[in-house]
Amino acid sequence: MYRTHTCGELRAAHAGQTVTLAGWVHNVRTFGGVIFLVLRDRYGITQIVSNPETFPDAHKVIAEAKAEWVLQVTGAVKMRPSDQFNPKMATGEIEVEAQTVVVLNQSKATPIVVSRDEDENEDIRLRYRYLDLRRERMTHNMVLRHKVVKFMRDYMDEHGFIEVETPILFKATPEGARDYLVPSRIHPGHFYALPQSPQQLKQLLMVAGMDRYFQIARCFRDEDLRGDRQPEFTQLDLEMSFVQRDDVLALVEDLYTKMLAAVTPHKRLLASPWPKLSYREAVERYGTDKPDLRFGMELVDVSAVFAGSGFKVFQSALETGGVVKCIVAPGCAGFSRKDVDALTESAKGLGAKGLATLALTAEGLKGTAAKFVSEAEAEAVKARSGAREGDLILFAADERAVVNKVLGGLRVILRDKLGLAEKDVMAFAWVVDFPMFAWNEEEQKWDAEHHPFTMPKMDDLPKFETNPAEILSDAYDMVCNGYEMASGSIRIHRSDIQRKVFQLLGLSEEEIERKFGHMLEAFEFGAPPHGGMAPGIDRLVMLLADEPNIREVIAFPKNQAGRDVMADAPAPATEKQLKELHIAIVEK
RNA sequence: GGUCCCGUGGUGUAGCGGCCUAACAUGCGGCCCUGUCAAGGCCGAGAUCGCGGGUUCGAAUCCCGUCGGGACCGCCA
């Protein structure tokens, strides 16, 4: 071993001991004579002190050392003078007097300064990610992530789950996200697909009688990236046999509740037990199926108030079967023209034709809708919405779905603008009773809202023939602070129902056999009732670490264009590789 | 596929038509300094302003294109 202790563990109690540390030079402060050098490793930082008179050989080496050199330092742990304790350092009561110093490696001047958390362009951080990761913030994130995963593994083990690995090279799934394909050398023109999730495999493990399965599973989806979306990400994938919806929810709720207390005790749950909303309720009250419940500002339906309105915008929306809804921005009656214009632009970006506002000022009604709204209508809106003087009411009038989306989006924008959400509150909640199918206007066909293996509500089975849009499913999402954190369902375990779903999705008999024959066949060999869930780990750690995007909690993430800027991937393949894979590149 | 924002020494910013022979901070190099801890002081090196084209007497600054980065919409069962 190169060391007896880490740079984070020496305390007053170690005073008098001779120790050896190894780590990186965090910074150096020279005083002509005495030199202070701070040594860093994953565990922390420790001050090394060197004096030319006491240990001249060590001093010579220390005097040469630059930032990020790797040193091995042996010396005595000494108490600092009591008026020189550094309360900002965990090791701030002691220092190590360098007696022997070995340079294990030197370092060029680094493109980013490791000892400081400066907010560089992310590009440069990613290019030198191994330096970025040396920083305390990133080290902390990696450790936190490890603790989260460790807690999950332990919890699952204690509750009878076994971790089973499933293939990364598997088969393309026709629905859902775009697949990453891997060409087969042995089978020309044939491709494996990387799993979007181990969905089929974990269900087959249930058929196999594994009863309780989990996996810290990497998932791959070839779609455009976002701050909370990477092409590869990690899920706690889990599946259970002989359970109903609430059994799964209860287990995961318990896991997360205990994990939060163990890993990030400074975070508070908004409510326990977690609120449970139906999909419909979530969308109508918050305008989204992943509501941020840390604050109110719920959507209020005021269609009835404006049934006879002279305001053309409202009138025409209502006449064509639409709705008028509003949200109340507290204390925002004084918003400037510029503020309101910005909100209007946002609303248009979300699909609105415009935005009607009503400011409740001491001088009466103001805002774009003021001259079209009667006193009685304003009073009725106030009564329904709880708006008071000083508030700004934002109206959207359109098709129901558009209105919900627009106001839901504005609700989040106002949250950030007004600072309405506390960062240490974790507003976990369940969204349940999702529709089974959604009509795909573009392709004129039904899509599975969750995935095609989701169990429809048994009571809704007759609607397959009459009204598929009304079929609800036993699918559920875990949401937190405006993010979708997990998604799951009770699965179909009967091949007849599975077949019905595939048929409704427009798959031909031939396609069903070719793409899902193995699943249907498995269900004919005694598949148990089962269900599960797949909580996302990246987003969870992002929230727990107070980070603005998931790249900050992934060691080596891709940038927005899906590139690894450190290794420069993806990269062209060689002629030889392409030939072996039977692939020809076609220039556009 | 679309919308918006950004691109100036190693890093982060300022400059936004002539005062720029490009400023400041930090980092880097040298010197001084024996108790600092974002140490301090002095000196120094370091950018033809992402790239290409255009407008202009004159472009870091305006316009067009392009490349790179970010946020968002579409997409993400």
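Up top you'll find the structure we're talking about.
Heads up: these notes are all about the structure in this document. Just so it is clear, the structure is predicted and the values come from calculations on it, not from any experiment. (Residues numbered from 1 in each chain as written. Chains lettered and ligands numbered in written order. Predicted model: local features only at pLDDT ≥ 70, side-chain atom pairs only at ≥ 80, totals over all residues. Heavy atoms only, no water.)

Here we look at the pattern of salt bridges
Part 1 of the reasoning: Under the counting rule described, the total for this entry stands at 60 salt bridges.
Part 2 of the reasoning: Across the salt bridge formed by Asp132 and Arg129, the nearest N and O atoms sit 2.7 Å from each other. Pair noted here: Asp132 and Arg129 are both in helix 3 (residues 129-132), with a separation of three residues, about one helical turn.
Part 3 of the reasoning: Among the residues examined, Asp132 registers a relative accessible area of 1% and is labelled buried.
Part 4 of the reasoning: Assessed through its relative accessible area of 1%, Arg129 is described here as buried. (Salt bridge = Lys/Arg side-chain N within 4 Å of Asp/Glu carboxyl O. Helix = DSSP H or I, 4+ residues; strand = E, 2+ residues; numbered from the N terminus. Buried < 20%, exposed > 50% of the residue type's maximum accessible area, 1.4 Å probe, protein only.)

Points about the protein's contact with RNA strand B
Part 1 of the reasoning: As a matter of local geometry, RNA strand B sits amid 48 residues, with Glu53, Gln84, Ala448, His450 and Arg551 nearest to it.
Part 2 of the reasoning: A share of 50% is what sugar and phosphate atoms reach among the atoms of RNA strand B within 4 Å of the protein.
Part 3 of the reasoning: A distance of 2.8 Å separates a base nitrogen of RNA strand B from a polar atom in the backbone of Thr30.
Part 4 of the reasoning: Ranked by residue count, the leading element in the surface near RNA strand B is strand 1 (residues 18-30), at three residues.
Part 5 of the reasoning: Among the residues forming the surface near RNA strand B, the class breakdown is 11 nonpolar, 17 polar and 20 charged. (Near = heavy atom within 4 Å. Polar contact = N/O pair within 3.5 Å; in protein donor to acceptor, adjacent residues only side chain to side chain. Nonpolar A, V, L, I, M, F, W, Y, C, P; charged D, E, K, R; others polar.)

Describing unusual backbone geometry
Part 1 of the reasoning: Across the junction of Ser272 and Pro273, the peptide omega takes the value 0°, indicating a cis bond.
Part 2 of the reasoning: Turning to its location among the elements, Pro273 is positioned in the loop between strand 11 (268-269) and strand 12 (276-278).
Part 3 of the reasoning: Look at Phe242: it is not a glycine, yet its phi comes out positive at around 60°.
Part 4 of the reasoning: Its location among the elements puts Phe242 in the loop between strand 10 (232-241) and helix 6 (245-263).
Part 5 of the reasoning: Positive phi is not limited to glycine here, since Gln444 has a value of about 55°.
Part 6 of the reasoning: Of note, Gln444 is situated in the loop between strand 20 (437-440) and strand 21 (445-448).

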